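Spelled out, the chains give:
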Amino acid sequence: MRLPAGPWQTVLDFLQRHFSDIPATTWQARMDAGRVLDQDGKALERTTPYRQGAAIYYYRELPAETPIPFEAEVLHQDADLLVADKPHFLPVIPSGRFVQETLLVRLKKRLGLQHLVPLHRIDRGTAGVILFSVNPDSRGTYQSLFPRRAVSKYYEALAPALPQLTFPRVHRSCMQAAEPFFRMQEVPGPANSETHIDVREQRGPNWLYALRPITGRKHQLRVHMAALGAPILGDDYYPEVRTDRADDHSQPLQLLARSIEFEDPLSGETRRFESRRRL
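Residues numbered from 1 in each chain as written. Predicted model: local features only at pLDDT ≥ 70, side-chain atom pairs only at ≥ 80, totals over all residues. Heavy atoms only, no water.

A.B. asks: What is the right way to look at the layout of surface pockets in this model?
C.D. replies: The method is simple in principle: a probe with the dimensions of a water molecule rolls over the atoms, and the space it marks as empty is what remains. Approximately 1700 Å³ is the volume attributed to the largest pocket. Along the wall of the largest pocket there are 50 residues; nearest its centre are Ile-122, Asp-123, Arg-124, His-219 and Arg-222. Contributing elements (two or more residues each) for the lining of the largest pocket: strand S7 (151–160), strand S11 (206–213) and helix H5 (220–227). Top element by residues in the lining of the largest pocket is S7. It accounts for four residues. (1 Å grid on protein atoms, 1.4 Å probe; cavity = no way out; pocket = protein on both sides within 12 Å on 5 of 7 lines; lining within 4 Å. Points joined across faces, edges and corners; volume = space filled by probe spheres on them. Helix = DSSP H or I, 4+ residues; strand = E, 2+ residues; numbered from the N terminus.)

Below, the structure is given as structure tokens:
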């Protein structure tokens, strides 16, 4: 949170008043435990003066966060970028029931990189390559690559065979939010999503598909494959929601962010990073 203008004398005073549903003693305990930090990762104290515009950080604690028994691999790290190879089931950022068991928090703790920020997202169920910004000064330059579609992403997915269709093919559709809130759906209207789809290997009843998303809609690859009649193996959301089971680590979503490629806006060189994981 970036501190707004106001009459508060200390950061603690602001937290107690701004988050009035949380007992004052709870914020005091959190600060005493060193869990409220400034932008440099330094713990703030009860008496730390309030300063408008300062950035403060607090990662909420969950009493019984289920450990995720898979580790990410760092594929590349320099002064500006970090590239990680994410396992299935591990969320990228804190949300819902996961805070400590997320890729961002794990990497910050492991590498001591307080300014680490993901440049894009992949679903919790999806494994593979993801880029992080290390340096706030160059972050905006790299972030601008994505809305300009200057980043080429390549995914692989295992899904039922589609011998009745011809490949390669392009799937375009109009996607919008659905019910429940976490799902997306295709509806009539001008296309706002596009995926290039090919077959890489035929493996009996299931094929290994090569997917190149041109747009970046939420759950786009999962929705498009389900619309073709080949929902990705292990998908709990499409075509139907399955909420009757906990994470089954033996049956991950068979979707992998295989590689990512772009022209580096600082050096001008072509950079390509590839996952070492396999479906």
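A.B. asks: Help me out: how do you make sense of the packing of helix H1 (residues 11–18) against helix H2 (residues 24–32) in this one?
C.D. replies: The axes of two packed helices give the description: the angle between them and the distance between them. The geometry of H1 relative to H2 is characterised by a closest axis approach of 9 Å and an angle of 140° between their N-to-C directions. Classed by the angle they form, the pair H1 and H2 counts as oblique. In this structure, H1 meets H2 at a crossing whose hand is right-handed. Residues Val-11, Leu-12, Leu-15 and Gln-16 of H1 touch H2, and the partners they reach there are Ala-24, Trp-27, Gln-28 and Met-31. Residue composition of the contact of H1 with H2, grouped by class: six nonpolar, two polar and no charged. (Axes fitted to C-alpha atoms, helices over the stretch in contact; angles between N-to-C directions. Parallel < 35°, antiparallel > 145°, perpendicular 65-115°, else oblique. Left-handed = near helix turned anticlockwise from the far one by under 90°. Contact = heavy atoms within 4.5 Å. Nonpolar A, V, L, I, M, F, W, Y, C, P; charged D, E, K, R; others polar.)

A.B. asks: What is the right way to read the side chain of Ser-138 from this model?
C.D. replies: With respect to the helices and strands, the residue Ser-138 is situated in helix H4 (residues 136–143). Exposure remark for Ser-138: the relative accessible area of 5% places this residue in the buried category. Among residues more than four places away in sequence, those in contact with Ser-138 are Asp-80 and Leu-266. (Buried < 20%, exposed > 50% of the residue type's maximum accessible area, 1.4 Å probe, protein only.)

A.B. asks: Help me out: how do you make sense of the nonpolar core in this one?
C.D. replies: One recurring pattern in soluble globular proteins is that nonpolar side chains are buried together. Judged by nonpolar contacts, the single largest core of 33 residues is most densely connected at Phe-132, Tyr-209, Leu-211 and Met-225. Among the secondary structure elements, those contributing two or more residues to this core are strand S4 (81–86), helix H3 (103–111), strand S6 (127–133), S7, S11, H5 and strand S12 (255–263). (Core = buried A, V, L, I, M, F, W, Y, C linked by side-chain atoms within 4.5 Å.)

A.B. asks: For this particular structure, what's the right way to read the pattern of salt bridges?
C.D. replies: If charged atoms from side chains of opposite charge come close, those side chains can pair. Counted under the stated rule, the structure contains 18 salt bridges. A salt bridge links Glu-71 to Arg-106; the shortest N-O distance between them is 3.7 Å. Within this pair, whereas Glu-71 is found in the loop between strand S2 (56–58) and strand S3 (73–77), its partner Arg-106 is found in helix H3, the two being separated by 35 residues in sequence. When its relative accessible area of 16% is taken as the criterion, Arg-106 is described as buried. Close ionic contact of Arg-106 with Glu-101 constitutes a salt bridge, the shortest N to O distance being 2.5 Å. Salt bridges sharing partners connect three or more residues here, namely Glu-71, Glu-101 and Arg-106. (Salt bridge = Lys/Arg side-chain N within 4 Å of Asp/Glu carboxyl O.)

What is shown is where atoms sit, not what they do.
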